[in-house]
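Close look at the chain arrangement
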Amino acid sequence: MRDLHKSEVLGSKRGLMSWRPQYRSSKFRNVYGKAASREHCFDGIPITKNVHDNHFCAVNVRFLAIVTESAGGGSFLVIPLEQTGRIEPNYPKVCGHQGNVLDIKWNPFTENIIASCSEDTSVRIWEIPEGGLKRNMTEAVLELYGHSRRVGLVEWHPTTNNILFSAGYDYKVLIWNLDIGEPVKMIDCHTDVILCMSFNTDGSLLATTCKDKKLRVLEPRSGRVLQEASCKNHRVNRVVFLGSTKRLLTTGVSRWNTRQIALWDQEDLSMPLIEEEIDGLSGLLFPFYDADTHMLYLAGKGDGNIRYYEISSEKPYLSYLMEFRSPAPQKGLGVMPKHGLDVSACEVFRFYKLITLKGLIEPISMIVPRRSETYQEDIYPMTPGTEPALTPDEWLSGVNRDPILVSLKEGYKKNSKIVFKAPVREKKSVVVNGIDLLENVPPRTENEVGQPWSGNGNGIWGMNLERHRVPVSIPREAGTWDSSRDGIPGSIP
């Protein structure tokens, strides 16, 4: 009896041991977040109070751009990165928009070119002078009009120079060729407001989330929907391609109103590979993915925390690493491109956190602790640089190409040789089917009545467009645009 009892005890111990989680060896398991000291923050910034679910912040190796609160129209600050500390109240702004600025993005290949979109239905391209602004900038190098409602998102193509995507509240995505300053394609498969856009590594696929509760994977040139998921149990908000792993990650809300993430196979969206509940808070979860380290960062709007995970190709796919904690809630986060990081400090990611209550932008560095002071090649693989792989004509003709990679070993600081040249056009009207859209203004919707964008009471088109006019005759692969949906007379073939 005594021997039998011992064997049972040993068996139960083995059983307990088999249930223990297996130890995963990972070079990133000790990554920690380090907030910058106060003198290395940007202070005194009137961060916008707009409730639109965007980051309102964009950063590259030279400048930090932040959307600000303004009395009339929309504006944003552009500050050289070395100019930390307190920013004067009268610091020059980019203030050409007639409506609130909803999104800003730096051109990945030309470091002084930034795109913005606004409630005034326009997308604008701005050229920031060397050393930053010395006076308010009101004249954009390019003004792009093609949307009939406010424009909520802009996104640059990851490998092609001068190709810009914009998503509007007219449920359409326009693809702009900035070499000619005109829209060259239109994607109109969405039935509600587009919430998020994300490209895969070579830009051959575009993933979108939409207010119609659907996740879509599109071929961006034709607008063809390759995969579609109706998310009933997981209401999607944000999506990000996980590099070249052929996986997607979405953040959203479960049927129990808890925050949730889901991992998908891009070639089969019938069911997520995994779903994981995060917590019961209500703020939107912003996902960020670092393809070089395979790390995923989750930051909640209104939270002070940033969780981070490691993504693997095998189950369980997602491994929790740690959490950076802070008492100050974040409104949005800008992310430094990889070639702008401090490799000598083993920095693998850097956020710029918007703290509205303090008017503060706080850099947060994610650091891999290493004792050696030599270059750590295992955590810095070859990464996309500032040279485009394709021209707009090559991409539009159907060519796909991976980004041109660079090594960070020598502290990559190569300046892009590309210079942005705005196309010159003499066109003074937007004529479609013999009707000038600027003369025949569509009636305002209920939401637009009382909006201050127009000085002459003519609705969203009644603004001063005497500079760069863009015709809205947009080529499509198939079908026609039923423009009566947007209140615009006539149709566009």
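Provided above is the structure to which this section pertains.
Computed from a predicted model, the values in this text were never measured in an experiment. (Residues numbered from 1 in each chain as written. Predicted model: local features only at pLDDT ≥ 70, side-chain atom pairs only at ≥ 80, totals over all residues. Heavy atoms only, no water.)

1. Focus on the sheet that holds strand 17 (residues 206-210)
Pairing between sheet strands relies on hydrogen bonds along the backbone, with the strands arranged either parallel or antiparallel. Applied cut-off: Whether two strands pair depends on DSSP finding at least two bridges between them. Helix and strand labels come from DSSP, where a helix needs a run of H or I of at least four residues and a strand needs a run of E of at least two; each type is numbered from the N terminus. In this analysis an axis means a line fitted to C-alpha atoms, helices contributing only their contacting stretch, and an angle means the value between N-to-C directions, from 0 to 180 degrees.
Within the open sheet, the four strands sit side by side as 16-17-18-19. Their pairing is antiparallel. Every other strand in the sheet has two partners, leaving strand 16 (194-199) and strand 19 (224-230) as the edge strands with one partner each. For this sheet the average axis-to-axis angle between neighbouring strands, irrespective of direction, equals 20°. Pairing geometry for strand 18 (residues 214-219) and strand 19, over six bridges, is antiparallel. Looking at strand 19, one finds that Leu218 is bridged to Val225.

2. Observations concerning the packing of aromatic side chains
For clarity, the cut-off: Only Phe, Tyr and Trp rings are paired, with Trp represented by its six-membered ring, and only when their centres lie within 6.5 Å; those with planes under 30 degrees apart are stacked, over 60 edge-to-face, the remainder tilted. Here's how the labels work: a residue is buried when its accessible area is under 20% of the maximum for its type, exposed when over 50%, partly exposed in between, all with a 1.4 Å probe on protein chains only. Cation placement over rings: the criterion is NZ of Lys or CZ of Arg within 6 Å of the ring centroid and within 35° of the ring normal.
A complete count under the given rule lists 11 aromatic pairs for this structure. For the ring pair Tyr297 and Phe349, a centre distance of 4.5 Å and an interplane angle of 20° mean the geometry is stacked. Of the two residues, Tyr297 sits in strand 25 (residues 295-300) while Phe349 sits in strand 29 (residues 347-355), which places them 52 residues apart along the sequence. Per residue, the accessibility class of Tyr297 equals that of Phe349, and both read buried. Pairing Tyr297 with Phe351 gives two aromatic rings, centres 5.5 Å apart and planes at 80°, and the pair type is edge-to-face. You can see Tyr297 sitting in strand 25 and its partner Phe351 sitting in strand 29, a full 54 residues away along the chain. The pair formed by Tyr297 and Phe351 is uniform in burial state, with each residue classed as buried. Within the aromatic cluster, the residues linked to one another by ring pairs are Phe288, Tyr297, Tyr308, Phe349 and Phe351. Sitting over the ring of Tyr169, Arg150 keeps its end group 5.0 Å from the ring centre. Sitting above the plane of the Trp256 ring, Arg255 keeps its charged end 6.0 Å from the centroid.

3. Some remarks on the nonpolar core
Keep this limit in mind: Take the buried residues of types Ala, Val, Leu, Ile, Met, Phe, Trp, Tyr and Cys, join any two whose side-chain atoms come within 4.5 Å, and each joined set is a nonpolar core. Contacts are assigned to residue pairs with any non-hydrogen atoms lying within 4.5 Å of each other.
Among the nonpolar cores identified, the biggest contains 34 residues, and Ile45, Leu64, Phe76, Ile128, Tyr352 and Ile361 are the most heavily contacted of them. Elements represented by at least two residues in this core include exactly strand 3 (57-59), strand 4 (63-68), strand 5 (74-80), strand 8 (101-106) and strand 29. Discounting residues that sit within four places of it in the chain, Tyr352 has contacts with Phe42, Cys57, Val59, Leu64, Leu81, Gly332, Leu333, Gly334, Met336, Ile361, Glu362 and Pro363.

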